[in-house]
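Survey of secondary and tertiary structure
Listed here are the chains, written in short residue letters.
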Amino acid sequence: MADSSSTVPLLTRIEDEDTSPPLNFDKIFEQSLSGFGLSQFLQIILVGLALTFDSHQIFITVFTDAYPTWHCLDDSICNAATSDICEIPRSAWDWDGGFKGKSVISEFDLECSSSFLRGLPTATFYVGSIVGGVFMAAIPDGFLGRKQLLFFTTLAMSLTGISIFFSSSIWIYALLKFVIGFARSQTGTYAFNLISERVSTKWRPRATMIPFTLFVLGLMSLSGIAYLVRHASWRVLYLCTSVPAAIHSIFLYFFALESPRWLHLQGKNEEAIEVLKRISPANRGYLESISSRLPPKETLEQAPSSSIEDLFIRKWAFRRIVVVMIIMFGMGMMYYGVPLAVRDIKVNIYLSETLNAMVELPTFVITPILLEKFNRRSSVLVNCQVGGALGMLCFVLTHFGKTNIAFALELGSFFCARIGFNLMAVYMIEMFPTCVRNFATTMLRQALVVGGACCPIIASIGRNVPSLSFAVFGFTVSGLGLFALLLPETKGSSLCDTMEEQEQSDQALKNED
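Residues numbered from 1 in each chain as written. Predicted model: local features only at pLDDT ≥ 70, side-chain atom pairs only at ≥ 80, totals over all residues. Heavy atoms only, no water.

The name an unreviewed UniProt entry gives the protein chain is Major facilitator superfamily (MFS) profile domain-containing protein, with Thlaspi arvense as the organism. Here is the UniProt Sequence similarities (unreviewed entry) comment for the protein chain, exactly as written: "Belongs to the major facilitator (TC 2.A.1) superfamily. Organic cation transporter (TC 2.A.1.19) family." (UniProt positions renumbered as here; feature names shortened; annotations may be inferred.)

**Quick word on the packing of aromatic side chains**
This structure, assessed with the given rule, holds 22 aromatic pairs. When the centroid spacing of 6.3 Å and the interplanar angle of 35 degrees are considered together, the rings of Phe 59 and Tyr 336 count as tilted. A residue pair is termed long-range when its members are at least 10 positions apart, and Phe 59 in helix H3 (residues 38–59) and Tyr 336 in helix H18 (residues 315–341) qualify at 277 residues. Measuring from ring centre to ring centre gives 6.0 Å for Trp 70 and Trp 93, while their planes differ by 70 degrees; the resulting arrangement is edge-to-face. Of this pair, Trp 70 sits in strand S1 (residues 70–72) while Trp 93 sits in strand S2 (residues 93–95); the two residues are 23 residues apart in sequence, bridging distant segments of the chain. Taken individually, Trp 70 and Trp 93 each receive the classification buried, so the pair is uniform in this respect. Taken together, the aromatic side chains of Phe 59, Phe 125, Tyr 126, Phe 215, Tyr 335, Tyr 336 and Phe 414 make up a single cluster linked through ring pairs. The ring centre of Tyr 253 lies 5.9 Å from the NZ or CZ of Lys 147, which sits over that ring. (Phe/Tyr/Trp six-rings, centres within 6.5 Å; stacked < 30°, edge-to-face > 60°. Helix = DSSP H or I, 4+ residues; strand = E, 2+ residues; numbered from the N terminus. Buried < 20%, exposed > 50% of the residue type's maximum accessible area, 1.4 Å probe, protein only. Lys NZ or Arg CZ within 6 Å of the ring centre and 35° of its normal.)

**A few points about the environment of Ala 245**
Its place among the elements puts Ala 245 in helix H13 (residues 234–255). Linking Ala 245 and Leu 159, residues 86 residues apart in sequence, is a C-alpha distance of 8.6 Å. Filtering out sequence-adjacent residues up to four positions away, Ala 245 remains in contact with Phe 53 and Ser 158. (Contact = heavy atoms within 4.5 Å.)

**With respect to the packing of helix H8 (residues 146–163) against helix H10 (residues 187–196)**
Two elements in contact, H8 and H10, have axes separated by 9 Å at closest approach and are oriented at 150 degrees. Relative to H10, the element H8 lies roughly antiparallel. Along this stretch, H8 crosses H10, giving a crossing that reads as left-handed. Across the interface between the two elements, Arg 146, Lys 147, Leu 149, Leu 150, Thr 153 and Thr 154 from H8 touch Thr 187, Tyr 190, Ala 191, Asn 193 and Leu 194 from H10. Residue composition of the contact of H8 with H10, grouped by class: 5 nonpolar, 4 polar and 2 charged. (Axes fitted to C-alpha atoms, helices over the stretch in contact; angles between N-to-C directions. Parallel < 35°, antiparallel > 145°, perpendicular 65-115°, else oblique. Left-handed = near helix turned anticlockwise from the far one by under 90°. Nonpolar A, V, L, I, M, F, W, Y, C, P; charged D, E, K, R; others polar.)

**Details of helix H25 (residues 468–481)**
The end-to-end C-alpha distance of H25, which contains 14 residues, comes to 20 Å, matching closely the 20 Å that a straight helix rising 1.5 Å per residue would cover. Residues of H25 that are buried include every one of Ser 469, Phe 470, Ala 471, Phe 473, Gly 474, Thr 476, Val 477, Ser 478, Leu 480 and Gly 481, and no others. (Expected span 1.5 Å × (residues − 1).)

**Examining the side chain of Gln 40**
Following the sequence through the fold, Gln 40 ends up in helix H3. Beyond its immediate chain neighbours, meaning those up to four positions away, Gln 40 contacts Leu 33, Gly 35, Arg 198, Val 199 and Ile 279.

**Regarding the state of the cysteines**
One pass over the full model with this rule turns up 1 disulfide. Here Cys 86 pairs with Cys 112 through a disulfide, and the sulfurs are 2.1 Å apart. Across the S-S bond linking Cys 86 and Cys 112, the dihedral sits near -110 degrees, which makes this disulfide left-handed. Linking Cys 86 in the loop between S1 and S2 with Cys 112 in the loop between helix H5 (104–107) and helix H6 (115–118), this pair joins segments that are 26 residues apart in sequence. Taking relative accessible area as the criterion, Cys 112 reaches 45% and is therefore assigned partly exposed. (Disulfide = S-S within 2.5 Å.)

Right under this line is the structure:
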């Protein structure tokens, strides 16, 4: 073993332990995961697929709750181009294809119902996400673990999706959508934590882009699945997305690995080392040699305790969290609302959703460039104004019959919404210290979901005034984006652990200006 050149650096480090500082888990973690092998990649894919199925449930109502097309049966009293189906006898028209179960609206006879009732299932989904987010945020960090929480949330989401196949009324359907929203509320958070805590600092920026990509691919695959089952009942689409999600949750339970950092914090050092061995088989010898050298849990440096009250006691922290939530509310309306409102442009719904997903992919390359070249505050501000302007132009051009140009602008507004979310995610981490960062990030996601919860009703109103929803979304994100001027600039600043350190860092940045 001593003759192997590949292990000399590891042995050298082990021999030098007597003269080097005491071993700590961070050092072992970074050293053992300094590379990025196939095992790590497969683990990231396995966990990241949870976001693929999450995106299915977020956007599935674009297809299942769409307003179906219809045709006249009696031309003497009906004109498909000008008649309102709510003002002519039911016997004078019928749904295209003669199939009533193609959409939730047609099956439950909602074509003449209020905008509130037609948008109720999607709205309850977002309300469930809000309630679930608050509830899940209250779960202690040491409860169950990253893997177990991700397993239970994905399993509950998928089983509820399957049960929708048997819903018999709009009210039962809306209730089940609430349950799905509640179950998946923190799926993204659990998946991102699990992925980021199983890769080294060097590889974390690239590794965390994989679940983002899988989320987008989920939206693209949803369009394809919806197209393949377009002649079947809307319930079939829930089966086609929920059954694979249930199977995936089982794979998560048996094959996904727990976060070694979480295991270490729970005092389970041996289990943490075993996970590292499986993630990085090439460093098994090194891990076996130093596993007994880890200090006991009692001697570990205690992390700063969470102090959620500080967010409300300290004026600067409270102001930041409120401003961030206001901006993310507008972002949520744009990001979740545009795919719903695109139906009013009269373009192919399957093509439009696929293109919406495709324009997200370049954002994962562009966002790091913006973060490196430009200030955080100005990037968010300009992005909001451009995205809002594109949304309002889309409304104007639709009224002039420029459908193709309007659709291109719709893609642009959706692109800006995704860029904005990426920018704010990084901005948020830099504005709040470790002791309150988890809670602050939860508030960011909650504001995003609250904005999304308003979208179905606004998009439904758009059927009465075509594309009005685009103007509403655009005006909202532009106006609320101006609040970015109240946020501090954080480019070039290091991450802080306590509120006191954050205040000192902010003061240092002000002095530099």
